[in-house]
Amino acid sequence: MSIVLGSDHAGFEMKEQIKEYLQGQGHTVQDMGCNGTESCDYPDFALAVGEKIRSGQCQQGILICGTGVGMAIAVNKVPGVRAANVFAPEIAQLAREHNNANVLTMGSRFIDLAQAKAIVEKFINTEFAGDRHAKRVDKISAIEKKYSL
């Protein structure tokens, strides 16, 4: 699977560890930055990840900042992206199964590396359940289309 990663300065160290973890499992990983712990603007990296998902170059994305909230808000502005800010493996599973989320956001200030790995593992290994959930995801897409320029 091709997975795209991004972070701001608060999520940089966790992003690097998650990247190493994913590569160790044989996944292709594209890192859109940031490249250090100096202060930077999370929307820049959210957009870069979102564009990789929208284009189909990557199947899933992972964004990490201090809370995960800013990244989720920003990347959800990219048409076709369904990002979920996740804090537990069970939420990651449901975000994939019920919402067909294609981007995971996490907050490095609120979860440790072991939790992050468990969340990532659930997220990348859970399939969309389809069925009644597909109708709901289609309705989300219709809202997006209604307000697109």
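Residues numbered from 1 in each chain as written. Predicted model: local features only at pLDDT ≥ 70, side-chain atom pairs only at ≥ 80, totals over all residues. Heavy atoms only, no water.

1. Remarks on a nonpolar patch on the surface
Test applied: Patch building starts from residues that exceed 30% relative accessible area and form no salt bridge, then joins like charges within 9 Å and nonpolar side chains (Val, Leu, Ile, Met, Phe, Trp, Tyr) within 5 Å. Only the protein chains shown count as cover for residues, with accessible areas throughout obtained via the Shrake-Rupley method and a probe of 1.4 Å. Any Lys or Arg side-chain nitrogen located within 4 Å of an Asp or Glu carboxyl oxygen qualifies as a salt bridge. Only runs of H or I of at least four residues qualify as helices and only runs of E of at least two qualify as strands under DSSP, and these elements are numbered from the N terminus. Exposure categories follow from relative accessible area, calculated using a 1.4 Å probe and restricted to protein chains: below 20% of the type maximum is buried, above 50% is exposed, and the middle band is partly exposed.
A surface patch of nonpolar side chains, about 280 Å² in accessible area, is lined by Phe87, Ile91 and Leu94. With respect to the secondary-structure elements, Ile91 resides in helix H4 (residues 89-99). Under the relative-accessibility criterion, Ile91 is labelled partly exposed at 32%.

2. Concerning the environment of Phe12
In plain terms, the rule: Contact between two residues is taken to exist if any of their heavy atoms lie within 4.5 Å; hydrogens are not considered.
Following the sequence through the fold, Phe12 ends up in helix H1 (residues 12-24). Separated by 51 residues in sequence, Phe12 and Leu63 place their C-alpha atoms 9.8 Å apart. Contact partners of Phe12, with chain neighbours within four places excluded, come to Ser7, Cys34, Asn35, Gly36 and Thr37.

3. Topic: the side chain of Thr105
To keep it simple, the criterion reads: N or O atoms closer than or at 3.5 Å make up a polar contact, with two conditions inside protein: a donor-capable atom paired with an acceptor-capable one, and, for residues adjacent in sequence, both atoms drawn from side chains.
Relative to the assigned elements, Thr105 resides in strand E5 (residues 103-107). Polar contacts involving the side chain of Thr105 include one to the side chain of Asn85, which spans 3.1 Å. Those residues in contact with Thr105 that lie beyond four places of it in its chain are Leu63, Gly68, Met71, Ala72, Ala83, Ala84, Asn85 and Val86.

4. Comments concerning the sheet that holds E5
To be explicit about the condition: For two strands to be treated as a pair, DSSP must find no fewer than two bridges joining them. Think of each axis as a best-fit line through the C-alpha atoms, taken over the contacting stretch in the case of a helix, with angles from 0 to 180 degrees between the N-to-C directions.
The strand order across the open sheet built from five strands is E2-E1-E3-E5-E4, with neighbouring strands paired in parallel fashion. If you trace the sheet from one side to the other, it starts and ends with strand E2 (28-31) and strand E4 (83-85), each paired once. In this sheet, neighbouring strand axes are inclined to one another by 20° on average, regardless of whether the strands run parallel or antiparallel. Packed onto the sheet, helix H5 (residues 113-125) meets strand E1 (2-7), strand E3 (60-65) and E5 and runs at close to 170° relative to E5.

5. A few points about the pairing of E3
Consecutive residues of a regular strand have side chains that alternate between opposite faces of the sheet. For E3, a buried count of six out of six residues is recorded, marking the element as mostly surrounded by other parts of the structure. Here E3 shows a buried face lined by Gln60, Ile62 and Ile64 and a second buried face lined by Gly61, Leu63 and Cys65. Relative to E3, E1 is paired through five bridges, and the arrangement is parallel. Looking at E3, one finds that Ile3 is bridged to Gln60.

6. Considering the state of the cysteines
Rule in force here: Two cysteine sulfur atoms make up a disulfide if the distance between them is within 2.5 Å.
Tallied over the full model, the rule gives zero disulfides. Not part of a disulfide, Cys65 finds its nearest cysteine sulfur in Cys40, a span of 10 Å.

7. Let's talk about the packing of aromatic side chains
Test applied: Pairing of aromatic rings covers Phe, Tyr and Trp, the last counted by its six-membered ring, and requires centre-to-centre distances within 6.5 Å; plane angles under 30 degrees mean stacked, over 60 mean edge-to-face, and any other angle means tilted. For a lysine, the NZ atom is tested; for an arginine, the CZ atom; a charge sits over a ring if that atom is within 6 Å of the ring centre and within 35 degrees of the ring normal.
Applying the stated criterion across every chain yields a total of zero aromatic pairs. A cation sits over an aromatic face here: Arg96 above Phe123, 5.8 Å from the ring centre.

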